[in-house]
Amino acid sequence: MSAFTTGRPRRRIPVRTPAGGARHNGRQSRKMGGPLAAFPWLLPALALVGVLLVYPFFRSVYGSLFEDNGFSRSFVGLDNYSRLAEDPIFSRSLLNTLMWVAGTLLLPVLLGLLIAVATYRMRFGGVAQLLVVLPYAISGAATAVLWNFMLTTDGAVNQMLRAFGLDGLTHSWLLEWPHNTLAMIVASTWQGTGLNVVLFVIGLRAIPRETVEAASLDGASGWRMFLYVTLPQLRAVTVVVVGMAIVNSLKAFDMIWILTKGGPSRSSETLALTMYRETFRLFHVGYGSAIAVVLTVIVVASAWLYLRRQMPDSARN
Amino acid sequence: MGRSARTVFVVGCALLWLIPLYLLVVNALIPADAYPGEPSWLPEHFALWDNLRTAWDEAAIGSSFVNSLIYAVVCGAAGVVVAAMAAFAVVVLPVPRPAAWFWLIYSGTVFPLQIFLAPLFGLYADTNLYDSRLGLMLIYAAWAVPFAFFLIRNQMTTMPPEVTEAALLDGASFRRLFWQIHVPLLLPGLGAAFIFQFTAVWNDLLFGITLSRSPEVQPVMAALTTLNTAYGSSGPPVILAGALIVSVPTLLVFLVFRGLFLRGITTNAS
């Protein structure tokens, strides 16, 4: 687990800071210049974060209570939220978001785990790992451009399917729902799995050799070894990987924006896309803010619930 | 998993991951006006430099590349320094209620970017920061602070307080204490934070397309998106060449600073 808590104190004793010491020691407190002397050090961070992140956050929450087209606005209370419940585009976008969460949980996490375990200590396993990790090092936008090339109607995927005589499986991948959402989930799996491989390999390295040896002396091997020895030892990493997958898939934007712009006719929008289109393309600023608030609530709540349930006690405090 | 099943699985995965990369390179080699309309599987031409030049000059990836380099380096560094100062204040200096400040600054990482966008747009329109380099730099720096702060603060708490106490007894000022003791000792951690922020800013699309419009200001991912939208006019080889260009810095960072890079992202995991 150490790799994920870099810098967190390993000792569980309370950390003694010089400031803490100074507080009980008049002589030194004077030397440190009193409590106000520290504020200039805090100020730049507070100014940047306060003005550009914290203020916009509250402004968004407040703005979601208004009917606002960018020019005029009027207070409507929670109307924006009740409109959401009836909007077919919002429910489609919620469905797509759920598909993204499910898809990016299943594919990249499972594949990442399998690839990490299969390539670990294998000859040329490092090469295979590098191939899978490379797409992670290139940006989401570049990946999307590449997959646009793969998925267009006369793109490489259909070409491959035809070459194998699977003409029946060809699709206009980006033009039909649900194929567009599914295809984009595959594309983001291609990009995102590498990170999980890296994380799982770090986890595998942390498994004590004695544990594996003891298990194999007891006759465990292959599948049983994986299920009863490796997997439980990877629990800490899995918690982190799954947590990240949930949060990131809720925020999915780049890939969809470049591949389909949420289309055709808004069928592949996720909440992140719907918010962007309502606010900046249709100028429904208040309505868009309400979607942003809903998205934020979902992200924060799922991260919190998940971490609260899954975090081992030692990492919780 | 049996030995041969395992080999088949690994080889299959490697192929699946290799094919798109291979197609990316092979098709970026085709002369833009000779593109057959379907992806090509064999490298028959070598027009990579022409395509790179077209993407760089005519599609204006070049100028936005410079923009993004500035944004990523300057804002990454500024964010890390500002975050380190704040961490120094919260951990080392006698600031009242350190936990409250910590949560206030750290809260910036929790929310999806969408929640900031509309008010930022309004704020920028009112202050003439919309579509300006300064505007993007401010938000990128601010965006970098909370997480860098989290990383650096965690590292700082592991430093033995005796170091600080000894320096204070020797009469060192806060400034000396920070620059000559904490910064050098924390350098690998600061590097990891910087590389993480560099990558995040370089890969940003959302702020770029929301807060800027003109090619002189746009970051590189926004320019790539524009190039992709104009698909018909420039053709896939040029677009793929553009995708190659924008991937170079993060690939380099990844390959050269692999240790720091992985530390940057794996700490993200906690």
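What counts and what doesn't
- Residues numbered from 1 in each chain as written.
- Chains lettered and ligands numbered in written order.
- Predicted model: local features only at pLDDT ≥ 70, side-chain atom pairs only at ≥ 80, totals over all residues.
- Heavy atoms only, no water.
- Helix = DSSP H or I, 4+ residues; strand = E, 2+ residues; numbered from the N terminus.
- Buried < 20%, exposed > 50% of the residue type's maximum accessible area, 1.4 Å probe, protein only.
- Contact = heavy atoms within 4.5 Å.
- Areas by Shrake-Rupley, 256 points an atom, 1.4 Å probe, with all protein chains shown as cover.
- Core = buried A, V, L, I, M, F, W, Y, C linked by side-chain atoms within 4.5 Å.
- Expected span 1.5 Å × (residues − 1).
- Salt bridge = Lys/Arg side-chain N within 4 Å of Asp/Glu carboxyl O.
- Polar contact = N/O pair within 3.5 Å; in protein donor to acceptor, adjacent residues only side chain to side chain.
- pLDDT = per-residue confidence, 0-100.
- Phe/Tyr/Trp six-rings, centres within 6.5 Å; stacked < 30°, edge-to-face > 60°.
- Patch = residues over 30% accessible without salt bridge, like charges linked within 9 Å, V, L, I, M, F, W, Y side chains within 5 Å.
- Buried area = accessible area lost by both parts, 1.4 Å probe.

1. Comments concerning the overall build of chain A
- Secondary structure assignment for chain A yields 16 helices and two strands.
- Taken across its 317 residues, chain A has 53% of its residues classed as buried.
- In chain A, 65% of the contacts between residues at least 6 apart in sequence involve partners at least 24 apart.
- Accessible surface for chain A amounts to roughly 15,000 Å². Of this, 64% is attributable to carbon and sulfur atoms.

2. Some details on the overall build of chain B
- Helix and strand counts for chain B stand at 13 helices and zero strands.
- Reading chain B from its N end, one meets helices and strands in the order α-α-α-α-α-α-α-α-α-α-α-α-α.
- Overall size of chain B, expressed as C-alpha extent along the three principal axes, is 75 × 60 × 30 Å.
- Burial statistics for chain B: of 270 residues in total, 58% are counted as buried.

3. Considerations on the nonpolar core
- Residues F253 of chain A together with F88, I105, I139 and I152 of chain B are the most contacted members of the largest nonpolar core, which totals 180 residues.
- Looking at this core element by element, the count peaks at 16 residues for helix α3 (residues 61–91) of chain B.
- I105 of chain B has contacts with L42, A45, L46 and V49 of chain A together with A86, V145, P146 and F149 of chain B, leaving out every residue within four places of it along the chain.
- In terms of nonpolar packing, the next biggest core, distinct from the first, is built from six residues, A118 and A128 of chain A together with V10 and A14 of chain B among them.

4. Looking at helix α8 (residues 174–185) of chain B
- Compared with the 16 Å implied by 1.5 Å per residue over twelve residues, the 15 Å span of α8 of chain B between its first and last C-alpha is a close match.
- Those residues of α8 of chain B that fall on the buried side of the exposure criterion are F174, L177, F178, I181, H182 and V183 of chain B.
- Residues of α8 of chain B that are buried in the fold lie against α3 (39–63) of chain A together with α3, α6 (133–156), α7 (161–169) and α9 (187–203) of chain B.

5. With respect to the pattern of salt bridges
- Inspection of every chain in the model, using the stated rule, returns five salt bridges over all chains.
- Of the charged contacts, one joins R213 of chain B and D131 of chain B as a salt bridge, the two residues approaching to 3.9 Å between their closest N and O atoms. Note that R213 of chain B is positioned in the loop between α10 (206–211) and α11 (220–229) and D131 of chain B in the loop between α5 (114–126) and α6, a separation of 82 residues in sequence.
- By relative accessible area, R213 of chain B is classed as exposed at 58%.
- A relative accessible area of 16% places D131 of chain B in the buried class.
- Sharing partners across several salt bridges, the network here consists of R266, E269, R277 and E278 of chain A.

6. Digging into the side chain of Q191 of chain A
Residue and element names in this part refer to chain A.
- With respect to the secondary-structure elements, Q191 resides in helix α9 (residues 179–205).
- In this structure Q191 comes out as buried when scored by relative accessible area, which is 15%.
- A distance of 2.9 Å separates a polar atom in the side chain of Q191 from the backbone oxygen of I138.
- Once residues within four sequence positions are removed from consideration, Q191 is found in contact with P135, Y136, I138, S139, G140 and T143.

7. A closer look at the confidence of the model for chain B
All names here are of chain B.
- Across chain B, the average pLDDT comes to 85, with 95% of residues at or above 70.
- When the elements of chain B are averaged for pLDDT, helix α13 (residues 258–268) gives the smallest value, 70, and α3 the largest, 91.
- We note a pTM of 0.85 for the whole complex and an ipTM of 0.84 for its interfaces.

8. Remarks on the packing of aromatic side chains
- With the rule as written, the count across this model stands at 31 aromatic pairs over all chains.
- The interplanar angle of 85° and the centroid separation of 5.7 Å between the aromatic rings of F39 of chain A and W101 of chain B together place this pair among those described as edge-to-face. In this pair, F39 of chain A is assigned in helix α3 and W101 of chain B in helix α4 (residues 98–106), connecting two distinct chains.
- Look at W101 of chain B and you get partly exposed, because its relative accessible area is 22%.
- On the numbers, 5.1 Å between centres and 40° between planes, the contact of Y276 of chain A with F280 of chain A is tilted. Here the residue Y276 of chain A and the residue F280 of chain A both occupy positions in helix α14 (residues 271–281), the gap between them amounting to four residues, near one helical turn. Residue Y276 of chain A shares its accessibility class with F280 of chain A, and that shared class is buried.

9. Some thoughts on a nonpolar patch on the surface
- Among the surface-exposed residues, L130 of chain A together with V248, L252, L255, V256 and F257 of chain B lie close enough to one another that they form a single nonpolar patch of about 520 Å² accessible area.
- By relative accessible area, L255 of chain B is classed as partly exposed at 47%.

10. A short note on the interface of chain B and chain A
- Taken together, the contact pairs 101 residues of chain B with 101 residues of chain A.
- Buried area between chain B and chain A, summed over both chains or domains, comes out near 9,000 Å², and the portion from carbon and sulfur atoms is 76%.
- The largest contributions to the chain B side of the interface with chain A come from W17, Q114 and I115 of chain B, which together make up 9% of the buried area.
- At the junction of chain B and chain A, the tally comes to zero salt bridges.

11. Regarding unusual backbone geometry
- With an omega of 5°, the peptide bond running from W177 of chain A to P178 of chain A counts as cis.
- With respect to the helices and strands, P178 of chain A occurs in the loop between α8 (156–163) and α9.
- Unusually for a residue other than glycine, R121 of chain A sits at a positive phi of about 60°.
- Relative to the elements of secondary structure, R121 of chain A occurs in the loop between α5 (88–119) and α6 (125–137).
- Located in the positive-phi region is N128 of chain B, a residue other than glycine, with phi close to 60°.
- Tracing the backbone through its elements, the reader meets N128 of chain B in the loop between α5 and α6.

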